[in-house]
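Summary of structural features
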Amino acid sequence: MSKTTAIDPDNLPYADGDFYGFEQLLTEKERDRLSEIRDFLAREVKPIAVDCWNRGEFPMELIPKLAEIDLVSPVRRQGFSNLFAGLVHAEVTRADTSIATFMGVHDGLFTGSIEALASQEQQDAWLPDIYAMKKIGAFGLTEPLGGSDVAGGTRATAQRDGDTWILNGAKRWIGNATFSDWVVIYARDVADNQVKAFLVDTKLPGYSASKIENKISLRTVQNADIVLDNVVVPDFFKLANGNSFRDTNKVLKVTRLAVAWQAVGQQLAAFDVARRYAVERMQFGRPLASFQLVQQQLVQILGNAVSSMGMMVRLAQLEDAGAAKDEQSALAKAFTTDRMRESVAIGRSLLGGNGIVTDYEMAKIFADAEAIYSYEGTYEINTLVTGRAITGISAIV
Ligand SMILES: Cc1cc2nc3c(=O)[nH]c(=O)nc-3n(C[C@H](O)[C@H](O)[C@H](O)COP(=O)(O)OP(=O)(O)OC[C@H]3O[C@@H](n4cnc5c(N)ncnc54)[C@H](O)[C@@H]3O)c2cc1C
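Residues numbered from 1 in each chain as written. Predicted model: local features only at pLDDT ≥ 70, side-chain atom pairs only at ≥ 80, totals over all residues.

Counting its secondary structure elements, the protein contains 11 helices and nine strands. A globule of 397 residues ought to have a C-alpha radius of gyration of about 21 Å, and the protein, at 22 Å, matches this closely. Seen through its C-alpha atoms, the protein measures out along the principal axes to roughly 80 × 50 × 40 Å. Counting the 397 residues in the protein, one finds 47% classified as buried. Of the contacts made within the protein by residues no fewer than 6 positions apart, 74% connect residues no fewer than 24 positions apart. (Helix = DSSP H or I, 4+ residues; strand = E, 2+ residues; numbered from the N terminus. Rg over C-alpha atoms; globule rule 2.2 N^0.38 Å. Buried ≥ 20, exposed ≤ 12 C-beta atoms within 10 Å, placed from the backbone. Contact = placed C-beta atoms within 7 Å.)

In structure tokens, the structure reads:
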């Protein structure tokens, strides 16, 4: 082959990045469905992703399309495996991390709270509209003064008053909350000091949400500061089984795994962009991909991505068996996001100067990785949860 022979970037081997064929573990029905979702993402999400990110605006017109492709509650409602759900989440991230985060909030955190903590009567009343995305949800746990320590440090209060509850306090970073119909608010009951969960209609008097501006990561996601000023919530809207932080943790254990799947998707996205660039970009009369150091960098990203995926595949099997432990979720979130940070940094540098402008997509991938590294329990906190499990000694406090 001549040194300058052009390689077709649209026809590279291992196009799906699934180097060890993990998708073969899916059923045929799941594989068909994954392929349908991939087509949807290529058609509806990928073409608008960079523009929305640059403008910092959420594409509201995408919501009915996301509703139609029917992504909410794939395991509990639709009967798919956790491996399928994880691979879908990785694929949505690969197309756009902000849309994956929007879905992660509406589906995992918000719908997950209702599914795990609401009574059957409450679920029957609320879930049909939530599944159909006629009602969009948010998840309000973090506070301006309560981040990593929010379990013991929730300051928002709930006070029982006859048939109602009165909520007061502030929440920070709440995704989707500038436009969501509902938000699950976690607040401390002044009577027994336990953190309880409430479904709050965002139109209620005393509720306000303002957009957090000037983000350098997940710019399409609308994160909000929420103020609760004597918001009166009927007792029916207190989630029947959300009565302590231990209950909240049931939701977070599952969503933490979804974030680890995001780290897989993020690395596959970095691999896609870096490999394409390396075969197309010519320097010294040859494609970048012909230099040994560049091949090493691509292989490093691939190795990081598939080792992260392998860990997640095993965890999905444990989830299906109902046997995934908290510390296993924590290690997965810490490990995959750590590998992700290296992968996106290699990808960023592999594009040289073009790696710092979003036009080439890598800059967006690089910046979005930072939010994933920090949300749903930071790298450090998940590391310490794992450290506590293997030593029997807590180094968190
Ligand atoms: C883009 C984005 C979206 C989010 N969406 C939501 C949402 O929808 N709903 C929601 O409720 N929250 C959301 N969050 C909040 C997120 O979960 C918190 O940012 C996260 O838990 C960390 O809290 P913090 O930002 O207050 O950091 P802090 O807790 O202040 O931590 C700052 C630093 O100190 C370190 N640190 C803290 N304690 C320890 C310790 N004991 N040992 C070692 N290191 C420590 C942390 O690891 C971190 O590096 C979102 C955050 C972001 C950035």
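Continuing now.
Structurally, the position occupied by G152 is in helix 6 (residues 150-153). Here the alpha-carbon distance between G152 and N193, two residues 41 residues apart in the chain, equals 9.8 Å.

Let us now look at unusual backbone geometry. Even without a glycine there, the phi angle at E361 is positive, about 75°. With respect to the secondary-structure elements, E361 resides in the loop between helix 9 (326-350) and helix 10 (362-374). Here the phi dihedral of E376 falls at roughly 60°; this positive angle occurs in a residue that is not glycine. If you trace the backbone, E376 turns up in the loop between helix 10 and helix 11 (379-391).

To continue, consider the site of the ligand. Within the structure, the ligand sits among 21 residues, and T142, G147, S148, T378 and E380 are positioned closest to it. Looking at the shell around the ligand, the elements that each hand over two or more residues are strand 1 (137-140), strand 3 (164-175), helix 10 and helix 11. Classifying every residue of the shell around the ligand by side-chain character gives 11 nonpolar, eight polar and two charged. If you count residues domain by domain, the shell around the ligand takes at least three from each of domain 2 (137-244) and domain 3 (246-391). (Near = placed C-beta within 6 Å. Nonpolar A, V, L, I, M, F, W, Y, C, P; charged D, E, K, R; others polar. Domains from an automatic or database assignment.)

Remark: helix 9 packs on helix 11, axes separated minimally by 8 Å, with the N-to-C direction vectors making an angle of 140°. Taken together, helix 9 and helix 11 sit at an angle that is classed as oblique. By crossing handedness, the relation of helix 9 to helix 11 is classed as left-handed. Each of D326, E327, A330, L331, K333, A334, T337 and D338 in helix 9 lies in contact with helix 11, whose residues at this interface are Y379, N382, T383, V385, T386 and A389. (Axes fitted to C-alpha atoms, helices over the stretch in contact; angles between N-to-C directions. Parallel < 35°, antiparallel > 145°, perpendicular 65-115°, else oblique. Left-handed = near helix turned anticlockwise from the far one by under 90°.)

With that settled, consider the pairing of strand 7 (residues 223-234). Across nine bridges, the pairing between strand 3 and strand 7 is antiparallel. By the bridge assignment, W165 is partnered in strand 7 with V233. Pairing geometry for strand 6 (residues 207-211) and strand 7, over five bridges, is antiparallel. Of the residues in strand 7, the one forming a bridge with K211 is A224. (Pairing = 2+ DSSP bridges.)

What follows deals with the packing of helix 3 (residues 82-95) against helix 4 (residues 97-117). With their axes 5 Å apart at the nearest point, helix 3 and helix 4 run at an angle of 140° to one another. Put simply, helix 3 runs oblique to helix 4. For the pair formed by helix 3 and helix 4, the contact residues are H89, V92, T93 and A95 on the first element and T97, I99, A100 and M103 on the second. Here the contact of helix 3 with helix 4 is composed, by residue class, of five nonpolar, three polar and no charged.

A separate point is the domain arrangement of the protein. Under the domain assignment used here, the protein contains domain 1 (22-131), domain 2 (137-244) and domain 3 (246-391). Taking only C-alpha atoms into account, the centre of domain 1 sits 19 Å from that of domain 3. At the interface, 24 residues of domain 1 touch 23 residues of domain 3. Listing elements by their share of the side of domain 1 that touches domain 3, those giving two or more residues are helix 1 (28-55), helix 3 and helix 4.

On to the nonpolar core, then. In this structure, L167, I185, F198, V200, A270 and A274 are the most contacted members of the largest nonpolar core, which totals 114 residues. Take this core: its biggest share by element is 18 residues, from helix 7 (residues 245-280). (Core = buried A, V, L, I, M, F, W, Y, C linked by C-beta atoms within 7 Å.)

Bringing the environment of A118 into the picture now. Position of A118 among the secondary structure elements: in the loop between helix 4 and helix 5 (120-131). The sequence separation of A118 and L239 amounts to 121 residues, and the corresponding C-alpha distance is 4.7 Å. The contacts of A118, once residues within four sequence positions are left out, are Q123, W126, L239 and A240.

In terms of strand pairing, strand 2 (residues 157-161) meets strand 3 through five bridges, oriented antiparallel. Residue pairing in the sheet places D161 in a bridge with T164 of strand 3. Where strand 2 hands over to strand 3, the hairpin turn is made up of two residues, of which G162 adopts a positive phi near 65°.

Take helix 8 (residues 292-320) next. The end-to-end C-alpha separation of helix 8 is 42 Å, in line with the 42 Å expected for 29 residues at 1.5 Å each. G322 sits one or two residues past helix 8 and shows a positive phi near 70°. (Expected span 1.5 Å × (residues − 1).)

Take the environment of F110 next. Residue placement: F110 occurs in helix 4. Given 28 C-beta atoms within 10 Å, F110 falls into the buried group. Considered as a pair, F110 and V251 are 141 residues apart in the sequence and their alpha carbons are 9.0 Å apart.

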